[in-house]
Structure formats: structure tokens, C-alpha cells
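As a plain string of letters, each chain reads:
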Amino acid sequence: MSQSDSCSVRTHRGHHPKFGERVYIDPQSSVIGDVELADDCSVWPMAVIRGDMHRVRIGARTSVQDGSVLHITHASDFNEGGWPLTIGEDVTIGHKACLHGCTVGSRVLIGIGAIVLDGAVIEDEVVLAAGALVPPGKRLESGYLYVGSPAKQARPLSEKEKRFFTYTAGNYVKLKDEYLAD
């Protein structure tokens, strides 16, 4: 991690965030509680990842862009068990996206300002367009572009678009490495 005494990484109820190798956490972001980020993840300015009432797990080479909010849904009489937030590998979460108590597979692009709500599942290799809304409990099938509010399947992804997932994840790995080197 880039800073050792950052107040942006905080313990909550005995849970301290855990990080893999070469993780970059911007000092102007917040990572709180039961959060685990795998190797080569990056969390950019003003992003918030809050694992205060459930767990957040984020896979390798995932980037959480500026202003994004990642949270969970706590267990209650209204939602037995709650909803953790689980994100796979090689995921790019666009600026100001909101992911709440959902599951996101690997090799996914979450567009700028998109919202994904409780219990929703985004399978591997999906593009969720900027500004799209995934309602609670909806499943987005692998291999498609989804647009709109509520999100609807627009078309299959091209092979070029599928190759973009690992390209953009790798690009953010390089960028966060520059920040770690500074």
C-alpha cells in the first residue's frame, strides 16, 4: 500500500482492511472495516469502500475509480443474511459508480455513474453502460452490453470488446504502479 499511516484505511468493530501485494489506496479515499483487496488493486480519490456491517471482497487487478461508492446490505428481519459485496478479477469500476450488496464477476466494465443494487448479479464479461441502473436481484448474463434504467440487454459483445477487459485492467495496474513509485 502506498501510505503506512493513512487515516483513509480504518478498522471497524475489530475488522481491519486486508490488502494483497502492490495495492494502491489513494489518501483521499476511504476503505473501512471487513474489506479485502487482492493483488494489484487500486482505489482512486474520493472512492469509498465500506465493509462495516458485512464483508467486501475485491479480486486482483480491479480498479475502483474516483468518487465510486461500494457498500453492503446488512442482515435484518427484512433481509435475512444481508448481501455482501463481491467483485471478481480484472474489473474496472468507472467514476462515480455505486455498487451496493451485489455480486460482480470477472472481466467486467462498470460504466461511469452506473448503479448496481442489492442482490444483483453481473456475470463474467459484461459491459454495463454509463448511467445504467441494475435493480435489486437482477442477473446480467455473460457476454453482453447492458444499457438504460433499468438495465436491458442491448447486444452481444464483440471479441475486441472482450479483449478490452484485460487491457483496461492492465492499464490501471501500470498507472497505480506509477503512483506507488512516486
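Just above sits the structure.
Let me begin by describing the structure that accompanies this report.

Cut-off values and rules
Residues numbered from 1 in each chain as written. Predicted model: local features only at pLDDT ≥ 70, side-chain atom pairs only at ≥ 80, totals over all residues. Heavy atoms only, no water. Helix = DSSP H or I, 4+ residues; strand = E, 2+ residues; numbered from the N terminus. Rg over C-alpha atoms; globule rule 2.2 N^0.38 Å. Buried < 20%, exposed > 50% of the residue type's maximum accessible area, 1.4 Å probe, protein only. Contact = heavy atoms within 4.5 Å. Areas by Shrake-Rupley, 256 points an atom, 1.4 Å probe, with all protein chains shown as cover. Pairing = 2+ DSSP bridges. Core = buried A, V, L, I, M, F, W, Y, C linked by side-chain atoms within 4.5 Å. Polar contact = N/O pair within 3.5 Å; in protein donor to acceptor, adjacent residues only side chain to side chain. Salt bridge = Lys/Arg side-chain N within 4 Å of Asp/Glu carboxyl O.

### A word on the overall build of the chain
For the chain, the helix and strand inventory stands at one helix and 20 strands. Relative to the compact-globule value of 16 Å for 182 residues, the chain shows a C-alpha radius of gyration of 15 Å, a close match. Structurally, the chain occupies a C-alpha span of about 45 × 45 × 20 Å along its principal axes. A burial count over the chain gives 47% of its 182 residues as buried. A sequence separation of at least 24 residues applies to 23% of the contacts in the chain between residues at least 6 apart. Working note: accessible area of the chain is about 8,700 Å², and carbon and sulfur atoms make up 52% of it.

### What about the sheet that holds strand S7 (residues 63-64)?
In sheet architecture, strand pairing relies on hydrogen bonds along the backbone and comes in two forms, parallel and antiparallel. The eight strands are arranged S3-S5-S7-S10-S13-S16-S19-S20 in an open sheet whose pairing can be described as mixed. The two strands at the open ends of the sheet, each matched to only one other strand, are strand S3 (24-25) and strand S20 (152-156). Pairing geometry for strand S10 (residues 92-93) and strand S13 (residues 108-110), over two bridges, is parallel. Its bridge partner being in S13, Ile-93 is matched across the sheet by Ile-110.

### Observations concerning the nonpolar core
Within soluble globular proteins, side chains that are nonpolar generally end up buried alongside one another. Core analysis: the biggest nonpolar cluster contains 36 residues, and Leu-99, Ile-110 and Leu-128 have the highest contact counts within it. Of all the secondary-structure elements, those providing two or more residues to this core are strand S4 (30-37), strand S6 (48-58), strand S9 (85-87), S13 and strand S16 (126-128). Those residues in contact with Ile-110, other than ones at most four positions away along the chain, are Thr-92, Ile-93, Gly-94, Ala-97, Leu-99, Val-104, Ile-122 and Leu-128. In terms of nonpolar packing, the next biggest core, distinct from the first, is built from five residues, Val-127, Ala-129, Leu-145 and Leu-157 among them.

### Comments concerning the environment of Ser-76
With respect to the secondary-structure elements, Ser-76 resides in the loop between strand S8 (69-71) and S9. A C-alpha to C-alpha distance of 33 Å links Ser-76 and Asp-26, two positions 50 residues apart in sequence. Here Phe-78 takes part through its backbone nitrogen, which lies 3.0 Å from a polar atom of the side chain of Ser-76.

### A word on the pattern of salt bridges
All chains considered together, the criterion is met by 13 salt bridges. Glu-36 serves as the salt-bridge partner of Arg-57, at 3.6 Å between the closest nitrogen and oxygen. A residue pair is termed long-range when its members are at least 10 positions apart, and Arg-57 in strand S6 and Glu-36 in strand S4 qualify at 21 residues. Residue classification places Arg-57 among the partly exposed positions, given a relative accessible area of 24%. Judged by relative accessible area, which is 30%, Glu-36 ranks as partly exposed. Between Asp-52 and Arg-50 there is a salt bridge, with the nearest N and O atoms lying 2.5 Å from each other. Residues joined in a network through salt bridges with shared partners are Arg-22, Asp-40, Lys-176 and Asp-177.

None of this, on its own, says anything about what the molecule does.
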